[in-house]
Amino acid sequence: MDKKRIRQTAVLVAVVVATIILVIIIGKIINKYTPTKEEKDLFEYYGITDETSAAIVLNHEIVSQKAVIKDGVLYVDYETVKDLFNRRFYWDTNENLLLYTTADDVISAEVSGRDYFVTKKKHTEDYTIVYADSETAYIAMEYVKKFTDLDYRFYEDPNRIVVTTDWSEFTAVPVKKDTQIRYKGGIKSPILTQIEKESILVLLESGEDWDKVATENGIIGYIQKKRVGEEEKKKYNHNFEKEEFQHLLKEGKINMGWHQVTTRDANKLVADVIAKTKGLNVISPTWFYLNDNEGNLMSLADGEYVNYCHSQGIEVWALVSNLENKEVNTTDVLTHTSKRTNMVNQLIAAAIQYNFDGINVDFESIDQEAGDGYIQFIRELSLKCENNGIILSVDNYVPTEYTAFYDRSEQAVFADYVVIMGYDEHYVGSDEGSVASIGFVKQGIEDTLKEVPKEQTILGAPFYTRVWIETPKEAADDVEAASEDYVPYELSSQAINMEEAWNMVSVNGVEAVWSEEDGQYYAEYANDGKTYKIWLEDVKSMELRLAESSENDLAGMAFWKLGLEQENIWDTIIKYMN
């Protein structure tokens, strides 16, 4: 082959190669700027796998929970109703009852029926209100809506309900021309839906080139910014008459003392106990405790006690506890409607019989599984208290993550007062330390006020302290002693009254030192080979708590327990009770 033909062939090959490369580049450019026509599988998008379930789109967010379609009716399981829509529903899994408590009534519906009862008056729906399986109850969405500030719409293909509970102002944008909403921002993201010109979308997030939007029928995705018009603030056309809950609140500050009564004869000591106080206007005798698994109560109530207190201008708020009879299963009682009702009826009957002014609920060490039943107990008791002019107060630990199920905010809706038990920071079995350091008290107030209005909050304070005793162990072997967890002493403690604590310090010739961190005096001494540590209570430490209560404008103070205090402490207390 001559050189000329070789050159021609080479040129031809080069042209062909260049053309191929050019075609590839042009193809990539075209592909890069050509929107994909791929459509997202909406069943996958909503996580719908069968015809009996429906996705839930709540306030423009697809949530993980699903609704159920049964006999053409939409149902949502009990836990989802509580978590997403309305926590005031209560499902009694033991007695197959669905309860809802309003400001005036407890409304009940039995499983698999169409009837519900407001007190004893029957009402009927055209659907089954609630049905249950071995795991949970399912409540008709229409029944949920009856008591809840929400609206919802149902759409098919795939099944979904679009629910609104957030009625705040939103930003709307009009669509300027027919376009698509895509799964993510970008023309290569799959199409969720075609959207027509002049459609109105809710703007969720504004981006540089793509905006996150929501459609009326529950599709949330991205649209090109250039395809939408000017933003406009809008409000929902919404009206819902919220219930008003009333509370029986006293004028002036509450100055309450708990009076521990363990026998009927102890009631006779009330005059002596009150005589040592100043400014006391509420006394709470420990008269009732849960005594069996049917909700029956042991009572130490005494009419003469009440009459005497009233003659001294002091109200009686009788305390009911779950701590005295260790054989009682509190969870079992609280999770049965009939047993709760038994408790409530006994308390109200006693209040009427003995003419006391209030009830103080002191249920402690409740298991989390009893939390819903406990709150329902407070709701049910509160209605009957209000109907009879009886003040309801509820004692609570300082808030912690593991006591959140006590649901102080819901307590505050129904009960008149929420009492912070601002003590037992350190307790039997804990590490040694103060019963109620000022930091612990401050935090307890701050966290409680996140859930409870200040005018309903009472701060509880201790008239006792603990003496901590370190008793040396017998010599340990080298391996045990080298362990990081090894403690060379046995730790024990006992609760003692204020005066006794100071006497121990005095007898042992020790000078107590003020601890700024704890807001208390601290003393430590050795005796008979043991080390004793005491965080002391006195007027100065108590005044710090009184000041915190006053500065936060709380409803008042409560003290555990009468008879353990130094008498001069009342002169300080009454300064803050005006």
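Residues numbered from 1 in each chain as written. Predicted model: local features only at pLDDT ≥ 70, side-chain atom pairs only at ≥ 80, totals over all residues. Heavy atoms only, no water.

A. Up close: the overall build of the chain. Regarding its fold elements, the chain presents 15 helices and 34 strands. For 578 residues, the compact-globule formula gives about 25 Å, and the C-alpha radius of gyration of the chain, at 34 Å, lies well above that figure. Principal axes of the C-alpha set define a box for the chain whose edges measure 125 × 70 × 45 Å. In the chain, which comprises 578 residues, the share counted as buried stands at 48%. (Helix = DSSP H or I, 4+ residues; strand = E, 2+ residues; numbered from the N terminus. Rg over C-alpha atoms; globule rule 2.2 N^0.38 Å. Buried < 20%, exposed > 50% of the residue type's maximum accessible area, 1.4 Å probe, protein only.)

B. The arrangement of helix H8 (residues 337-354) in detail. If you check H8, its first and last C-alpha atoms are 26 Å apart, about what 18 residues at 1.5 Å a residue would give, namely 26 Å. Restricting attention to buried positions, one finds in H8 the residues Thr337, Lys339, Arg340, Met343, Val344, Leu347, Ile348, Ala350 and Ala351. Where H8 terminates, the next one or two residues include Asn355, which has phi positive at roughly 65°. (Expected span 1.5 Å × (residues − 1).)

C. Quick peek at the environment of Asn96. By secondary structure assignment, the location of Asn96 is in the loop between strand S4 (89-92) and strand S5 (97-101). A residue is classified by how much of its surface remains accessible, and Asn96, at 34% relative accessible area, is partly exposed. Sequence-wise, Asn96 and Glu110 are 14 residues apart; in three dimensions their C-alpha atoms are separated by 6.2 Å. When residues no more than four places from it in sequence are discounted, the contact partners of Asn96 are Trp91, Ala109, Glu110 and Val111. (Contact = heavy atoms within 4.5 Å.)

D. Representation of the packing of aromatic side chains within the structure. What the rule picks out here adds up to 31 aromatic pairs. Residues Trp167 and Tyr236 carry aromatic rings whose centres are separated by 5.4 Å and whose planes lie at 90° to one another, so their mutual orientation is edge-to-face. Of this pair, Trp167 sits in the loop between strand S12 (160-164) and strand S13 (170-174) while Tyr236 sits in the loop between strand S19 (232-234) and strand S20 (254-259), placing them 69 residues apart in sequence. A relative accessible area of 25% means that Tyr236 is categorised as partly exposed. Arranged with centres 4.8 Å apart and planes meeting at 65°, the rings of Trp287 and Tyr305 form a pair that is edge-to-face. Taken together, the positions of Trp287 in the loop between strand S21 (282-285) and strand S22 (288-290) and Tyr305 in helix H6 (residues 303-311) put the pair 18 residues apart, joining distant regions of the chain. As far as burial versus exposure is concerned, Trp287 and Tyr305 are alike and both buried. Through a chain of ring-to-ring contacts, the aromatic side chains of Phe363, Tyr374, Phe377, Tyr397, Phe405 and Tyr406 assemble into a single cluster. When the ring centre of Tyr183 is taken as reference, the NZ or CZ atom of Lys40 above it lies at 4.3 Å. Between the NZ or CZ atom of Lys70 and the centre of the ring of Tyr131, over which it lies, the distance is 4.9 Å. (Phe/Tyr/Trp six-rings, centres within 6.5 Å; stacked < 30°, edge-to-face > 60°. Lys NZ or Arg CZ within 6 Å of the ring centre and 35° of its normal.)

E. Seen up close, the nonpolar core. Among the nonpolar cores identified, the biggest contains 85 residues, and Trp287, Ile359, Val361, Tyr374 and Phe377 are the most heavily contacted of them. Core analysis: the second largest hydrophobic core is formed by 38 residues, Val63, Tyr75, Val130 and Ile139 among them. (Core = buried A, V, L, I, M, F, W, Y, C linked by side-chain atoms within 4.5 Å.)

F. How the structure looks around the sheet that holds strand S30 (residues 489-497). Pairing within the open sheet is antiparallel, and its five strands lie in the order S30-S29-S33-S32-S31. Across the chains shown, the open sheet's two edge strands, defined by having one partner strand only, are S30 and strand S31 (513-515). Strand-to-strand twist in this sheet, taken as the mean axis angle between neighbours without regard to direction, amounts to 25°. Alignment of S31 against strand S32 (residues 520-527), held across three bridges, turns out to be antiparallel. Following the sheet pairing, Trp514 is matched in S32 by Tyr521. Along the sheet, helix H13 (residues 498-507) makes contact with strand S29 (464-472), S30, S32 and strand S33 (530-536), crossing S30 at roughly 125°. (Pairing = 2+ DSSP bridges. Axes fitted to C-alpha atoms, helices over the stretch in contact; angles between N-to-C directions.)

G. Focus on the packing of helix H11 (residues 438-448) against helix H14 (residues 539-551). Viewed as axis vectors pointing N to C, H11 and H14 meet at an angle of 20°, and their least axial separation amounts to 10 Å. Judged by the angle between their axes, H11 and H14 are roughly parallel. H14 is crossed by H11, and the crossing has right-handed handedness. Here H11 contributes Ile438, Val441, Lys442 and Ile445 to the contact with H14, which in turn contributes Leu544, Arg545 and Glu548. The residue inventory of the contact of H11 with H14, partitioned by class, reads four nonpolar, no polar and three charged. (Parallel < 35°, antiparallel > 145°, perpendicular 65-115°, else oblique. Left-handed = near helix turned anticlockwise from the far one by under 90°. Nonpolar A, V, L, I, M, F, W, Y, C, P; charged D, E, K, R; others polar.)

H. Region of the structure containing the sheet that holds strand S6 (residues 106-110). Pairing within the open sheet is antiparallel, and its five strands lie in the order S4-S5-S6-S7-S8. Single-partner strands in this sheet number two, and they are S4 and strand S8 (121-124). The sheet shows a mean angle of 25° between the axes of neighbouring strands, direction not considered. By the bridge criterion, four bridges tie strand S7 (residues 115-118) to S8 in an arrangement that is antiparallel. By the bridge assignment for S8, Val118 is matched with Lys121. Against the sheet, helix H9 (residues 371-387) engages S4, S5 and S6, with an angle of about 55° to S5.

I. How the structure looks around the side chain of Asn159. Here Asn159 is to be found in the loop between strand S11 (151-155) and S12. A polar atom in the side chain of Asn159 sits 3.2 Å from the backbone oxygen of Glu51. Leaving out residues up to four positions away in the same chain, Asn159 has contacts with Ile48, Glu51, Ser53, Ala54, Ala55, Ile69 and Phe154. (Polar contact = N/O pair within 3.5 Å; in protein donor to acceptor, adjacent residues only side chain to side chain.)

J. Spatial organisation of the environment of Asp407. Within the fold, Asp407 resides in the loop between strand S26 (391-397) and helix H10 (408-414). A residue is classified by how much of its surface remains accessible, and Asp407, at 15% relative accessible area, is buried. Sequence-wise, Asp407 and Leu12 are 395 residues apart; in three dimensions their C-alpha atoms are separated by 83 Å. Once residues lying within four places of it in the same chain are set aside, the contact partners of Asp407 are Arg87, Ile375 and Glu451. A distance of 3.2 Å separates a polar atom in the side chain of Asp407 from a polar atom in the side chain of Ser409.

K. Inspection of the pattern of salt bridges at higher detail. Under the defined criterion, the tally for this structure stands at 25 salt bridges. Here Lys253 makes a salt bridge to Asp553, at a shortest N to O gap of 3.3 Å. Here Lys253 is found in the loop between S19 and S20, whereas its partner Asp553 is found in the loop between H14 and strand S34 (556-560), with 300 residues between them in sequence. With a relative accessible area of 19%, Lys253 lands in the buried category. Look at Asp553 and you get partly exposed, because its relative accessible area is 39%. Residue Lys575 is joined to Glu543 by a salt bridge in which the shortest nitrogen-to-oxygen separation is 3.7 Å. In this pair, Lys575 sits in the segment after helix H15 (569-573) while Glu543 sits in helix H14, placing the two residues 32 residues apart along the sequence. On the basis of relative accessible area, Lys575 is assigned to the exposed category, the value being 54%. Glu543 sits in the partly exposed class, given a relative accessible area of 25%. One salt-bridge network, in which partners are shared between bridges, spans Arg87, Arg88, Arg379, Asp407 and Glu410. (Salt bridge = Lys/Arg side-chain N within 4 Å of Asp/Glu carboxyl O.)

So yeah, pure geometry; function would need other evidence.
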